[in-house]
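Read off the chains here:
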Amino acid sequence: MNDRDYNSERRRFFRIGALSLASLFVLPKIRFLGEDPLAHAQAGKSTAQKLEPVKESDALAKSLNYVENAKAVKTGKRAADPQTKDQFCDNCMFYGSLDKEKGTCQIFQGKTVRAKGWCASWAKKPA
């Protein structure tokens, strides 16, 4: 190995070392998709409680026939199907409870749904 190869390898070693050292300080400061993952994890349910509720007028809600109060529906696709009488968001596999009246839904991500609501994506929660 001559001096030229030695110096090239030495410079490469120090460049990689400097980048590695810098990444130890920079990477923890980078936020994932605009959110600090540590702060999000520490916030827990308080973050979820700040979510907006799904409105029946939202495009996705309309396409899935979402209703906030499934018992009050007299007409429409839900009332026409007698098998849906015991189907509510709170007994759906996509529902996660926040309190007695509302929860999160994997279908309507980033929003809350009413516990006694219903949509066409309802699926029985596994026992």
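Here the structure is a predicted model, which means the values were calculated and not measured.

### Concerning the side chain of Q87
Within the fold, Q87 resides in the loop between α5 (77-80) and β2 (95-97). Since its relative accessible area comes to 13%, Q87 is described here as buried.

### Concerning the sheet that holds strand β1 (residues 52-53)
By definition, the strands of a sheet pair up through backbone hydrogen bonds, in either a parallel or an antiparallel sense. Pairing is mixed across the open sheet formed by four strands, whose spatial order is β1-β4-β3-β2. Edge positions in the open sheet fall to β1 and β2, since each of these has one partner strand only. For β2 and strand β3 (residues 102-105), the ladder comprises three bridges, and the chain directions are antiparallel. The residue bridging Y95 from the neighbouring strand is C105, located in β3.

### Digging into unusual backbone geometry
Residue N65 is not a glycine yet carries a positive backbone phi of 55°. Within the secondary structure, N65 sits in the loop between α4 (59-63) and α5. Owing to a relative accessible area of 28%, N65 belongs among the partly exposed residues under this scheme.

### Quick look at the pairing of β3
Linking β2 back to β3 in an antiparallel pair, the connection comprises four residues. Strand direction decides the pairing type here: β3 and strand β4 (residues 111-114), joined by three bridges, are antiparallel. By the bridge assignment, T104 is partnered in β4 with T112. With antiparallel pairing between neighbouring strands as the criterion, β3 and β4 make up a hairpin whose turn holds five residues, including G110 at a positive phi of roughly 85°.

### Overview of the packing of aromatic side chains
The full count for this structure, using the stated rule, is two aromatic pairs. Centre to centre, the rings of F13 and F14 are 5.4 Å apart; their planes meet at 75°, and the pair counts as edge-to-face. Sitting over the ring of F88, K116 keeps its end group 4.8 Å from the ring centre.

Definitions and limits used
- Residues numbered from 1 in each chain as written.
- Predicted model: local features only at pLDDT ≥ 70, side-chain atom pairs only at ≥ 80, totals over all residues.
- Heavy atoms only, no water.
- Helix = DSSP H or I, 4+ residues; strand = E, 2+ residues; numbered from the N terminus.
- Buried < 20%, exposed > 50% of the residue type's maximum accessible area, 1.4 Å probe, protein only.
- Pairing = 2+ DSSP bridges.
- Phe/Tyr/Trp six-rings, centres within 6.5 Å; stacked < 30°, edge-to-face > 60°.
- Lys NZ or Arg CZ within 6 Å of the ring centre and 35° of its normal.

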